[in-house]
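# Architecture and fold: a report
Here are the chains, one letter per residue:
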Amino acid sequence: MTKAQGKAVAKDCGRATRITTALTQWFRANARDLPWRATDAKGRRNAYHALVAEAMLQQTQVSRVLEKYSAFIARFPDVHALANATEEEVLSAWSGLGYYRRARHLHHAAKNICKNHEGKVPEDAESLRRLPGVGRYTAGAIASIVYGHAEPVVDGNVTRVQLRLEASDQRQGEPATERWAWKHASDLVARAADPGAFNEAMMELGATVCTPGVPRCEACPLRKACRAASLGLASTLPVPKVRAGRRAVYHSAVVIRDRQNRLLIQRRPERGLWAGMYQAPTVEREDRAATASEIKKWFGLARIVEKERFVFLTTHREVHFAIFTSSPPPSPPAAARWACPSEIAALPLANPHRRILLGEETIQTR
Ligand code: SF4
């Protein structure tokens, strides 16, 4: 290494240390009071609570997780309670959070922890990553935040902060950008005195200050170190990712109620969208919505009346719902059964099906 190179490395190290120190101090003074951040008398986080929270927070807003987290922990207070629950109980407690594969993975992870780790969430990132549904992000978060290991954590918030800090015009969401972000996060966390607090601080800054669109640079502890801010590029970076289009699918559901106010329900297939959850009898097509005569024939109904249409967006699909009502057929369609509303409310239901069957407006549609 030449003398000039040595000076550049020392300068970079000094900047990295200033960033980690300023950010950690800011986090200690400004961290949101979130239930999964509670500590015991010795100041330690609960690893099981962190595992549940991280599973819930993937692709879900904090405000929505706050509505569900405490009830989930009350129902499954420790990893043994979760491991011993049935899948249906877990999915039911998860109802409303969406992305139900995460709930199944969390359930399997709890079983794995009880079987292979004596009921203790593993400490190191490598063992954590062997748990179902635990990727590099969740492993890094638990290893650093709960156990203090210098493991990097990168999510969309962290990548955005990094790209702005370095005034990088890399496109967010590209594999090369992700690799760069993980390397950058590794370099920074290695210089942090408290790796867990630093990782959480990066995520918190991205969620509350260095937000998408126009960031609040005037309130940012990294203002002096930020290259995008000093170049006037803060609100134009990062370069947005190119989104893949959603695939349109067509679900025609029939709400059928009998004289005892029971509703016909069916369980969805074990694989695919909303796997294993419950819904009103539904005809699904990928090319167009089923016609009224097709729906009547499919379920053996004499007459159906259209009630409403709405579109529900998932990550990869644009689900076009057409909702009908009908009086009961002479015999229930295959694989359907009667259930009263209170029973249905306790079953695992995706948000659109909760709206269709129970009239609960818990979703944003267009
Ligand atoms: S100064 Fe502005 S752009 Fe830079 S990290 Fe802070 S909030 Fe983000």
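Above this note sits the structure.
Below: a short report on this structure. (Residues numbered from 1 in each chain as written. Predicted model: local features only at pLDDT ≥ 70, side-chain atom pairs only at ≥ 80, totals over all residues. Heavy atoms only, no water.)

## Things to note about the sheet that holds strand E2 (residues 263-267)
Read from one edge of the open sheet, 3 strands run E3-E2-E7, paired in antiparallel fashion. This sheet does not close on itself; its edge strands, each paired only once, are strand E3 (278-279) and strand E7 (336-339). Bridging between E2 and E7 involves 4 bridges; their strand directions are antiparallel. Opposite Leu263, over in E7, you have Ala339 as the bridge partner. (Pairing = 2+ DSSP bridges. Helix = DSSP H or I, 4+ residues; strand = E, 2+ residues; numbered from the N terminus.)

## Examining the side chain of Ser326
Tracing the backbone shows Ser326 in strand E6 (residues 317-326). Polar contacts involving the side chain of Ser326 include one to the main-chain carbonyl oxygen of Arg303, which spans 3.0 Å. Residues within four places of Ser326 in sequence aside, it is in contact with Val254, Val255, Ile256, Arg257, Leu301, Arg303 and Ile304. (Polar contact = N/O pair within 3.5 Å; in protein donor to acceptor, adjacent residues only side chain to side chain. Contact = heavy atoms within 4.5 Å.)

## Quick word on the sheet that holds strand E1 (residues 247-256)
The 4 strands lie next to each other as E4-E1-E6-E5, forming an open sheet whose pairing is mixed. In this open sheet, the two strands that pair with only one neighbour each are strand E4 (282-285) and strand E5 (305-313). For this sheet, the mean angle separating the axes of adjacent strands, direction not counted, is 15 degrees. In this sheet, E6 lies alongside E1 in parallel orientation, the contact comprising 10 bridges. Of the residues in E6, the one forming a bridge with Ile256 is Ser326. Contacts from helix H15 (residues 351-358) reach E1, E5 and E6 within the one sheet, and its direction differs from that of E5 by about 160 degrees. (Axes fitted to C-alpha atoms, helices over the stretch in contact; angles between N-to-C directions.)

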